[in-house]
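A structural walkthrough
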Number of protein chains: 2
Amino acid sequence: MKRTIIMTIAAFAMAAFSGNEMLAQKPKVLPDHRVEFTVRAPQANRVQIDLGKQYDLTKGENGVWTVTTEPQSEGFHYYFLIVDGVKTPDPSSDPFYGCSSMASGIEIPYPEGDNRFYQQDVARGTIAQKYYYSTTDKAWRRMFVYLPAEYFTNSTAKYPVLYLMHGGGEDETGWANQGRTDIILDNLIAQGKAKPMIIAMLDGNTRDFNAELFDNCIPFVEKNFRVKTDAANRGLAGLSMGGIQTLNAVVPRPEMFGYVGIFSSGWFAQAGPMGGGDNEKMYKMLEDRKDFYNKQFKEFFFTMGGESDIAYNNCKVMRARLDKIGIKYSYFETPGGHTWPVWRESIYQFAQKIFK
Amino acid sequence: MKRTIIMTIAAFAMAAFSGNEMLAQKPKVLPDHRVEFTVRAPQANRVQIDLGKQYDLTKGENGVWTVTTEPQSEGFHYYFLIVDGVKTPDPSSDPFYGCSSMASGIEIPYPEGDNRFYQQDVARGTIAQKYYYSTTDKAWRRMFVYLPAEYFTNSTAKYPVLYLMHGGGEDETGWANQGRTDIILDNLIAQGKAKPMIIAMLDGNTRDFNAELFDNCIPFVEKNFRVKTDAANRGLAGLSMGGIQTLNAVVPRPEMFGYVGIFSSGWFAQAGPMGGGDNEKMYKMLEDRKDFYNKQFKEFFFTMGGESDIAYNNCKVMRARLDKIGIKYSYFETPGGHTWPVWRESIYQFAQKIFK
């Protein structure tokens, strides 16, 4: 009855929008992890789903189109709907900012018993949306700051801070929404596997990342939250584009960081705008102060989504260079390619290694 | 150069998604507030924009479709893209949850000098995403909690709390994203026009709103934040569906609240699932303890988006009943209909009247 009432009022409130129907239903994940899509589109000539790979839907009765995809790997995947060549998000799914636009996402269940990425009955932290004025970009910008559950109840303790960067085409919401960073940390902290820490998820879409990080973000976080401010209590990590930003920040300023994470990334191996001269300067810095870096970075942690990860070769070439120089690092590989399931696993692993 | 690098890496990271192009550009708001939409859709037969009213786009060269709408009122408006009958959000715009789905929004500029709804150079509050376990819905649920700027710097002060409800087809993100509640409050507090307060934006999509509010949300907020817990420091307000939820909560439990806001709402005037018996019980309660209600509610505040607001008649009928009973209330009307510009104005007005 209550439910009926809410739907009645909702319909009433929406009377302003009328006419065409939305998609009939949310995508359905089958037990074998294939995904069934159903789209009502009587007037369309071609309907596709782009799930990394594109699938053509088949038109059935009443203009309802369907397709069942191949099995997908566990965790989060972006997807798009394509109607007569126009690629859009699916209005029946939750919105995510990714691929430089609004995108849709599906969640493939993890194996029975693997609750690392699900909300459990533990004390929950907070994601605080914080705005600050950037002197670099001359604009108000936003960061998402994870505060451990005890932050509000213990009003005097200070915490270490991990600065965490999204990938290309994403923003500060990526690690919170697609990444489930708060859930992962809540679970790890509750189990005693990770130290209570603050995680500042920054917006990496900036003109000058190092200026933004060092002149704006770090001072803002240290002024507005109860944080420990020595290098042993400060980390920087990033995925893909964010991994390159991380490398380009920590190599010139190693004295600032005790922990570094590079997920599905690495300097570009080939020559071009991202390879060559600038990277060689970085390798030179590493070579010149090899012992300092090895002592300073208590963890210099690389993760990779297997050989199908588009950053695999860049990272492999870079690791060979680091080996040759004698820079110490850890390396963790998990299948899944250049995707969010790999990056959830990456933060899950990395968070257990830092601030110990 | 830096910009080129970021775009290069972003393109690299997005290589997994290929093929069809996104919309060419964001909608363009012209100086007279008409909106120009441009959609690249060479294979489509019909392209429309639904902005409350539906507009057909005209196909031009290279499969680029365009239309220029009539002038729109200032502030936020939902819209959708319709390609060959399939209604979706526009991937080139920011996502909003509204109309029971992912939706797109456009923002029409306010008149020169009216900065009430724009971020100004003032101390910024925080929106904290908080999860709690609901004993009513037997599920984890989320609220968005606005904390005034001074909350983190003054670590002992306690604050009044306004509980604030979205409309039908929306959720706890509505007041934060579409409503700009944090910006409005930051500006008002900085100018001394509103008291520093906490605003808990709840998810009203629940089986039993009163149980959710009284047994879950209020105890959670009072346990997790530094709040004043007497009725004179507690308010409840809501728009549309949320206004009805508000009425149905405050009338049976007036001792809990000092301030009540009903935006673009009112009990249904006509008979049916929302009119009739239950509402008559509420009127009876008001009648039986008229003097108590008049003393208890320091503000019983109604707002309305003019005669084009779909809730206009319900509210008018209700106000006539309240007048007849002798219940005191305030009434504020502004043109704009049943839309977010009206609700931004509503919270702007209401916030200045409460907790004084």
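Just above, that's the structure.
The following refers to the structure shown. (Residues numbered from 1 in each chain as written. Chains lettered and ligands numbered in written order. Predicted model: local features only at pLDDT ≥ 70, side-chain atom pairs only at ≥ 80, totals over all residues. Heavy atoms only, no water.)

**Brief notes about unusual backbone geometry**
Residues and elements named next belong to chain A. The phi dihedral of Ser-100 falls on the positive side, at around 60°, and the residue is not glycine. In this structure, Ser-264 takes a positive phi of about 50° despite not being glycine. Assignment of secondary structure puts Ser-264 in the loop between β16 (259–263) and α7 (277–288). When its relative accessible area of 0% is taken as the criterion, Ser-264 is described as buried. (Helix = DSSP H or I, 4+ residues; strand = E, 2+ residues; numbered from the N terminus. Buried < 20%, exposed > 50% of the residue type's maximum accessible area, 1.4 Å probe, protein only.)

**Overview of the pairing of strand β9 (residues 95–98) of chain B**
Each regular strand displays side chains that alternate between the two surfaces of the sheet. Residues and elements named next belong to chain B. Side-chain alternation along β9 places Phe-96 and Gly-98 on a buried face and Pro-95 and Tyr-97 on a face that remains uncovered. Looking at chain direction, β9 and strand β10 (residues 101–108) are connected through four bridges and run antiparallel. Bridge pairing links Phe-96 to Ala-103 in β10. (Pairing = 2+ DSSP bridges.)

**Observations regarding the pattern of salt bridges**
All names here are of chain A. Taken as a whole, this structure holds 38 salt bridges over all chains when the rule is applied. Ionic pairing is found between Arg-34 and Asp-32, a salt bridge with its closest N-O pair at 2.7 Å. For Asp-32, a relative accessible area of 39% gives the class partly exposed. Here Glu-107 makes a salt bridge to Arg-180, at a shortest N to O gap of 3.5 Å. Residue Glu-107 is located in strand β10 (residues 101–108), and its partner Arg-180 is located in the loop between α3 (174–177) and α4 (181–190); the two are separated by 73 residues in the primary sequence. In this structure, a network of salt bridges that share partners links the residues Asp-137, Arg-141, Asp-203 and Glu-212. (Salt bridge = Lys/Arg side-chain N within 4 Å of Asp/Glu carboxyl O.)

**Here we look at the environment of A:Trp343**
All names here are of chain A. You can see Trp-343 is positioned in helix α10 (residues 340–351). As a C-alpha pair, Trp-343 and Gln-25 span 318 residues in sequence and 29 Å in three-dimensional space. A polar atom in the side chain of Trp-343 sits 2.8 Å from the side chain of Ser-264. (Polar contact = N/O pair within 3.5 Å; in protein donor to acceptor, adjacent residues only side chain to side chain.)

**Observations regarding the sheet that holds strand β2 (residues 35–40) of chain B**
All names here are of chain B. Taking strand neighbours across the sheet as the criterion, the four strands line up as β1-β2-β6-β5 in an open arrangement whose pairing is antiparallel. In this open sheet, the two edge strands, each paired with only one partner strand, are β1 (28–29) and β5 (58–59). Direction of pairing for β1 relative to β2: antiparallel, over a ladder of two bridges. Across the sheet, the residue bridging to Val-29 is Val-35, located in β2.

**A look at the environment of A:His166**
All names here are of chain A. You can see His-166 is positioned in the loop between β13 (161–165) and α3. For the pair His-166 and Leu-30, spaced 136 residues apart in sequence, the C-alpha to C-alpha distance is 30 Å. Setting aside its immediate chain neighbours within four residues, His-166 contacts Asp-171, Glu-172, Trp-175, Leu-202, Asp-203, Gly-204, Asn-205, Leu-239, Met-241 and Gly-242. Reaching out from His-166, the side chain makes a polar contact with the backbone oxygen of Glu-170 at a distance of 3.3 Å. (Contact = heavy atoms within 4.5 Å.)

**What about the side chain of A:Gln296?**
Residue and element names in this part refer to chain A. Structurally, the position occupied by Gln-296 is in helix α8 (residues 290–296). A residue is classified by how much of its surface remains accessible, and Gln-296, at 15% relative accessible area, is buried. In terms of polar contacts, Gln-296 uses its side chain to reach the backbone carbonyl oxygen of Phe-257, at 3.1 Å. The residues contacting Gln-296, other than those within four sequence positions of it, are Ala-231, Pro-254, Glu-255, Met-256, Phe-257 and Gly-258.

**Describing the packing of aromatic side chains**
Evaluation of the coordinates by the stated rule reveals 52 aromatic pairs over all chains. Seen in terms of ring centroids, A:Tyr151 and A:Tyr159 are 5.8 Å apart; in terms of plane orientation they differ by 40°. Their pairing is tilted. Residues A:Tyr151 and A:Tyr159 agree in their burial class; the two are buried. Pairing A:Phe301 with A:Phe350 gives two aromatic rings, centres 5.7 Å apart and planes at 25°, and the pair type is stacked. Residue A:Phe301 is located in strand β17 (residues 299–304), and its partner A:Phe350 is located in helix α10; the two are separated by 49 residues in the primary sequence. Judged by relative accessible area, which is 2%, A:Phe301 ranks as buried. Site record: aromatic cluster; members linked through ring pairs are A:Tyr151, A:Phe152, A:Tyr159, A:Phe225, B:Tyr151, B:Phe152, B:Tyr159 and B:Phe225. Sitting over the ring of A:Tyr293, A:Arg289 keeps its end group 5.9 Å from the ring centre. (Phe/Tyr/Trp six-rings, centres within 6.5 Å; stacked < 30°, edge-to-face > 60°. Lys NZ or Arg CZ within 6 Å of the ring centre and 35° of its normal.)

So yeah, pure geometry; function would need other evidence.
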